Amino acid sequence: KYDDNVEIPASVNNNGRNFVVTNIGIEAFQDCNDLKSVTIPNSVVSIGNYAFNGCSNLEAVNIPTSVTNIGDEAFSGCRSLKSIAIPKSMATIGWYAFESCKGLTSLYSYIENPNKVYLVADVFLDVPTSTCALHVPEGSKKLYEKTDQWKEFTNIVEDANAENIKQGYKIASV
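Within each chain, residue numbers correspond to sequence positions counted from 1 in written order. It should be noted that, the model being predicted, local features are given only for residues of pLDDT at least 70 and side-chain atom pairs only at 80 or more, the latter also being counted only at that level, while totals for whole chains, interfaces and linings use all residues. Hydrogens and waters are ignored; side-chain quantities use all the structure's heavy atoms.

Draft legend 1. Layout of the side chain of Asn53. Put simply, DSSP marks the helices as runs of H or I at least four residues long and the strands as runs of E at least two long, and each gets a number from the N terminus on. Its place among the elements puts Asn53 in the loop between β6 (46-47) and β7 (60-62). A 3.5 Å cut-off defines polar contacts: any pair of N or O atoms within that distance qualifies, except that in protein one atom must be a possible hydrogen donor and the other a possible acceptor, and neighbouring residues in sequence count only when both atoms are side-chain atoms. Of note is the side chain of Asn53, whose polar atom sits 3.4 Å from the side chain of Gln30. Throughout, a residue-residue contact means that at least one pair of heavy atoms, one from each residue, lies within 4.5 Å. Leave out the neighbours within four places in its chain, and Asn53 touches Gln30, Asp31, Glu73, Ala74 and Ser76.

Draft legend 2. Quick look at the confidence of the model for the protein. On a scale of 0 to 100, pLDDT captures the predictor's confidence in every residue. Mean pLDDT over the protein: 92, with 90% of residues reaching 70 or higher. With pLDDT under 50 throughout, residues 165-174 is counted as low confidence; its partners more than four residues away or in other chains account for 31 contacts.

Draft legend 3. Spatial organisation of the pairing of strand β2 (residues 11-14). As defined by bridge partners, β2 adjoins strand β3 (residues 17-20) across four bridges and the pair is classed as antiparallel. The residue bridging Ser11 from the neighbouring strand is Val20, located in β3. Note on pairing: DSSP must find at least two bridges between two strands before they are called paired. Linking β2 to β3, which pair antiparallel, is a turn of two residues; within it Asn15 sits at a positive phi near 50°.

Draft legend 4. Structural detail: the nonpolar core. In plain words, nonpolar cores are sets of buried Ala, Val, Leu, Ile, Met, Phe, Trp, Tyr and Cys residues tied together by side-chain atoms within 4.5 Å. Exposure is judged per residue with a 1.4 Å probe applied to protein chains only, and the accessible area is read against the type maximum: over 50% gives exposed, under 20% gives buried, and values in between give partly exposed. Ile47, Phe52, Ile70, Phe75, Ile93 and Phe98 are the most contacted members of the largest nonpolar core, which totals 45 residues. Of all the elements in the fold, those that place two or more residues in this core are β9 (83-86) and β13 (133-137). Contacts of Ile93, omitting those with residues within four sequence positions, involve Ile70, Ile86, Phe98, Val117, Tyr118, Leu119, Val120 and Val123.

Draft legend 5. Spatial organisation of the state of the cysteines. To count as a disulfide, a pair of cysteine sulfur atoms needs to be within 2.5 Å. Under the counting rule described, the total for this entry stands at zero disulfides. For the unlinked cysteine Cys32, the closest cysteine sulfur is that of Cys55, found at 5.2 Å. A relative accessible area of 14% means that Cys32 is categorised as buried. The structure places no disulfide on Cys101, whose sulfur is separated from the nearest cysteine sulfur, that of Cys78, by 5.2 Å.

Draft legend 6. The side chain of Ser100, seen in detail. Position of Ser100 among the secondary structure elements: in the loop between β10 (92-93) and β11 (106-109). A distance of 3.4 Å separates a polar atom in the side chain of Ser100 from a polar atom in the side chain of Glu99. Dropping the residues within four chain positions of it, Ser100 is found in contact with Gly77, Cys78, Arg79, Leu125 and Asp126.

Draft legend 7. Expanded view of the sheet that holds β13. In spatial order, the strands read β9-β11-β13-β14; together these four strands make up an open sheet with parallel pairing. Every other strand in the sheet has two partners, leaving β9 and β14 (155-159) as the edge strands with one partner each. Put simply, the sheet's adjacent strands are angled 20° from each other on average, direction ignored. Of the pairings in the sheet, the one linking β11 to β13 comprises three bridges and is parallel in character. Within β13, the position partnered with Leu107 by the bridge is Leu134. Axis geometry follows a simple rule: fit a line to the C-alpha atoms, using only the stretch in contact for helices, then measure angles between N-to-C directions, giving values from 0 to 180 degrees.

Draft legend 8. Fine view of the sheet that holds β6. Ordered by their spatial adjacency, five strands build an open sheet running β4-β6-β8-β10-β12, and the pairing between neighbours is parallel. On the outer flanks of this sheet lie β4 (23-24) and β12 (118-119), each paired with one strand and no other. Pairing of β4 with β6, which is carried by two bridges, proceeds in the parallel orientation. In the strand pairing of β6, Ile24 is matched with Ile47.

Structure, rendered in structure tokens:
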């Protein structure tokens, strides 16, 4: 069982050997219903399939700029998430990655060109795309409006404060 707030370490020591944490493994926190927040270190480059799947009370997660891959159903069923930030370093977002994140009111994408990110099928299935605001870097709104899956969001907002968007850090949940 995990505490309600988890900070994943950047490294772990085992018998005097130091290991850098670069991945959050498959099903690492799956169905941890007591989990409320997760801080992921900058050493992590990949969030595995089903890593946080079914964490229905997860409210906040920090996805650092080092992450390039979010696995299949990684956050599926995290219905308490209010906002999430996708860093500009992202290369692939897996199948149903954010499926049924019905509490989302804000999605911050720091990706300047959404066509350069591979979205597997139904990444945002059952996300309230008609009410969830998609915040994008200034000058990129038209690209998002034309790109599969992203264009399902009816409220795409260019962030006038480009520095916030380009930083790629977590936006606090409301």
